[in-house]
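What the coordinates show
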Amino acid sequence: MGQQISDQTQLVINKLPEKVAKHVTLVRESGSLTYEEFLGRVAELNDVTAKVASGQEKHLLFEVQPGSDSSAFWKVVVRVVCTKINKSSGIVEASRIMNLYQFIQLYKDITSQAAGVLAQSSTSEEPDENSSSVTSCQASLWMGRVKQLTDEEECCICMDGRADLILPCAHSFCQKCIDK
């Protein structure tokens, strides 16, 4: 019976527009994610980005914002800080804060892209052969994806303005709608 419901749900999801289907999948995935699995994904993302960026000047570091995961409602309030660091100087070049939904999107993007790059580099005998793939996995490009994810938030009231405020309930609104 449970499999039948799952098959029906997947059939409905497959008929949705691509963006909506992706959203449904991410929401469903975040709903079943345990806190331990979430911390495991943060650690895995740090490992993956470190491996791929081993010969590069910059790398990304992911960490849970202190105190944002201390509530029983951690899925709503947790924030993940993504920091781009210059390896040689140790200087933080950029930093962005993501909610759980944005983190899961980024996790899927980076792990799928990195899996291909790491598989290609392990089968390649010549280092120059996969340099274009490694270049596509640079920290700056991934940081650009983080920026894109965090800038995409639009006001869920007017659906027009960029969401300036994130309330404790994790909904994003523009200042104009909050003032009304």
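Quick note: structure is the one above.
Every chain's residues receive numbers from 1 upward, in the order its sequence appears when written. With pLDDT at 70 or above as the cut-off, local features in this predicted model cover only qualifying residues; side-chain atom pairs require 80 or more to be listed or tallied, and sums for whole chains, interfaces and linings still use all residues. Calculation of side-chain values draws on the structure's entire complement of heavy atoms; hydrogens and water are dropped beforehand.

Only DSSP runs of H or I reaching four residues or more are called helices, and only runs of E reaching two or more are called strands; each is numbered from the N terminus. Mapped onto the fold, Lys84 is located in strand 2 (residues 79-86). Excluding anything up to four places from it in sequence, Lys84 contacts Lys58, His59, Leu60, Ile91, Val92, Glu93, Ala94, Ala139, Ser140 and Met143. In this description, contact between two residues means that some pair of their heavy atoms is separated by no more than 4.5 Å.

This paragraph deals with helix 3 (residues 35-52). Given a helix with a known number of residues, its expected span is that number minus one, times 1.5 Å. The end-to-end C-alpha distance of helix 3 is 26 Å, a good match for the 26 Å that 18 residues give at a rise of 1.5 Å each. Summary of the burial criterion: residues with accessible area below 20% of their type's maximum are buried, those above 50% are exposed, and those between are partly exposed, where the area comes from a 1.4 Å probe applied to protein chains only. By the burial criterion, the buried members of helix 3 are Phe38, Arg41, Val42, Leu45, Asn46, Val48, Thr49 and Val52. Buried residues of helix 3, seen end-on, are gathered within an arc of 170 degrees and therefore sit on one face of the element. Within helix 3, the exposed residues directed more than 90 degrees away from the buried face are Glu36 and Lys51. In this context, the arc is that of the directions from the helix axis out to the C-beta atoms.

Another aspect to go through is the nonpolar core. As used in this record, nonpolar core signifies buried Ala, Val, Leu, Ile, Met, Phe, Trp, Tyr and Cys residues forming a set joined through side-chain atoms within 4.5 Å. Core analysis: the largest hydrophobic core is formed by 25 residues, its most contacted members being Phe38, Phe62, Met98 and Phe103. Looking at this core, the elements with two or more residues in it are helix 3, strand 1 (58-64), strand 2, helix 5 (100-123) and helix 7 (139-151). If one sorts the elements of this core by residue count, helix 5 sits on top with 7 residues. Among all residues touching Phe62, those that are not within four sequence positions of it are Val42, Leu45, Asn46, Thr49, Val80, Val81, Cys82, Met98, Leu106 and Ile110.

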